[in-house]
Amino acid sequence: METRLLREEEITLLLQEVYDTYGYDFSNYARASLKRRITRLMVLDRFPSFAELLYKIKSDADYMKRFVEEITVNVTEMFRDPEVYKTLRQEILPLLATYPLIRIWHAGCATGEEVYSMAIVLKELNLLHKSLLYATDINPDVLEKAKRGIFPLNQMKQYTENYIQSGGKEAFSNYYAANYEYAKFDVSLTSRMIFATHNLVSDKSFNEFQLILCRNVLIYFDKDLQENVFQLFDNSLEGLGFVVLGAKETLRFSSIIKGYKQWNKEKIWRKIS
Amino acid sequence: MEQRKNLEEDQLVAKQLLVIGGSAGSLDVLLRVLPRLKSKLQTAILIVLHRKSSAQTSLADLFCVKTKRKVKEADDKECIQPGMIYLAPADYHLLVEQDKTLAMDDSEKVNYSRPSIDVTFETAADVFTNKLTCLLLSGANNDGTEGLKRVKEMGGKVWVQDPRNAEVSQMPKNALATIEADAILEEDKMADFINLLD
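Residues numbered from 1 in each chain as written. Chains lettered and ligands numbered in written order. Predicted model: local features only at pLDDT ≥ 70, side-chain atom pairs only at ≥ 80, totals over all residues. Heavy atoms only, no water.

- Under an unreviewed UniProt entry, chain B has the name protein-glutamate methylesterase and belongs to Flavisolibacter tropicus.
- Check the Catalytic activity (unreviewed entry) section of the UniProt entry for chain B; it says "[protein]-L-glutamate 5-O-methyl ester + H2O = L-glutamyl-[protein] + methanol + H(+)". (UniProt positions renumbered as here; feature names shortened; annotations may be inferred.)

Rendered as structure tokens:
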């Protein structure tokens, strides 16, 4: 597999075309990863040259959809980092239980595995009926998948282990029906979910939440864009609400940090002002 | 004032980088080689080891005990500083950005691995070009070879552990079948070679 190294100017040109033609702004995405994704797409779709990729994107709106889906990373799993879900289950969600309606935002939810994980925890805490889970992503195709709640069956062994490690005590298989190679999750979980496209780069706050989860999304943004997103979260979070980030992400360097307190040593922060 | 600030920042950025990639059979090599590195070495070191995704930061602690150099697990957007040793975190690819900061990526596994050695070698080569040396150690898969090709293209140096002495020879063997290494190193020689990088 020969891959020619894309030059910085070529990436910049491509991103400019994407922005001018479709309005998607990837200019503040972390460059090294983005470059790898574009190179990977060129290999996958067998583009003989950069010029041909550029032409295809400019002239074919359907291909643009594929471009967005492939250069954004949609890798996710259920109960990812089980100890985070344990803290949510044992400490955070019980604090939110007093609210008449618990509003949760999964920002950049990809195919939705973490939204379903949250719904399961809420159900076990008997809170699901009074919760609303807003699940958003830049990419409408992954949201369609999330809505269906159908995940590969061969992942269930890993997910079951994660679930147990996160403090789950039920039989995990009660939550889905196995059918050929897929596991279809119970519609009672989906009933409290609202799916919508939302671009963290350009879209504004759309509601107030008590809990925002945005895990392994910000690593793909540069510092300026991270700061904008933190502002957006700050504007979308009620006082005493919580923000949950990925294992390698932190609120520490953001200007909003003064209004927040970290929850023990977890990647969880509580709004204190 | 602005200028002075830039100067200070410049001094905090590594000019020279060594990336070490290893899989099965390479942890013990590192535990023997790292204690022999001189403490004033300016070259920064990134270590990419295949390990279980459940593994936590204890690896950094393990290395810390073994060397006088500062060892830490890499953080996202962290600047690569001279003399530091950074470990790729479990379950993320570790990339190097143009401004010599580190970046994380949790995209698909490459060569069944995350972190993948290829990913770090390739992105480091783009940025550090001929100021880069990559060392590939023992391992049972073919990770590293593609990355070393890029390192050569960009003018960096390639060192490979001698497969005859590697605990698992597949990874260095595969690399040597494809690219011409600048040095094929027995474990005993590694520390001396690294100490001469500055």
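### Looking at helix α4 (residues 61-71) of chain A
All names here are of chain A.
- When we look at burial in α4, the residues that qualify are Y63, M64, F67, V68, E69, E70 and I71.
- Against the buried residues of α4 lie α1 (8-22), α2 (31-44), α3 (50-59) and α7 (140-148).
- Sitting at the amino-terminal end of α4 is D60, which places a side-chain oxygen 3.0 Å from the backbone nitrogen of D62. (Buried < 20%, exposed > 50% of the residue type's maximum accessible area, 1.4 Å probe, protein only. Helix = DSSP H or I, 4+ residues; strand = E, 2+ residues; numbered from the N terminus. Contact = heavy atoms within 4.5 Å. Polar contact = N/O pair within 3.5 Å; in protein donor to acceptor, adjacent residues only side chain to side chain.)

### Details of the interface of chain A and chain B
- Across the contact, 27 residues belong to chain A and 27 residues belong to chain B.
- Across the chain A to chain B interface the summed buried area is about 2100 Å²; carbon plus sulfur atoms make up 44%.
- Linking chain A with chain B are seven salt bridges, by the criterion used here.
- One salt bridge in this structure joins K248 of chain A and E73 of chain B, with 3.1 Å as the shortest N-O distance.
- Between chain A and chain B we count 14 residue pairs in polar contact (both at pLDDT 80 or more) in total.
- Residue assignment for the side of chain A that touches chain B shows that the elements contributing at least two residues are α2 and α10 (223-236) of chain A.
- For the side of chain A that touches chain B, the element with the highest residue contribution is α2 of chain A, accounting for seven residues.
- Grouping the amino acids of the side of chain A that touches chain B by side-chain chemistry returns 11 nonpolar, five polar and 11 charged. (Buried area = accessible area lost by both parts, 1.4 Å probe. Salt bridge = Lys/Arg side-chain N within 4 Å of Asp/Glu carboxyl O. Nonpolar A, V, L, I, M, F, W, Y, C, P; charged D, E, K, R; others polar.)

### Comments concerning the side chain of D118 of chain B
- Residue position: D118 of chain B is located in helix α4 (residues 117-128).
- Despite being buried, D118 of chain B has no salt bridge partner; R36 of chain A is the closest side chain of opposite charge, sitting 8.6 Å away.
- Side-chain polar atoms of D118 of chain B contact the side chain of N111 of chain B, separated by 2.9 Å.
- Among the polar contacts made by the side chain of D118 of chain B, one reaches the main-chain amide nitrogen of G144 of chain B at a distance of 2.9 Å.
- Excluding its chain neighbours within four sequence positions, the residues that come into contact with D118 of chain B are N111, D143, G144, T145, E146 and G147 of chain B. (Lys, Arg positive; Asp, Glu negative; His and termini not counted.)

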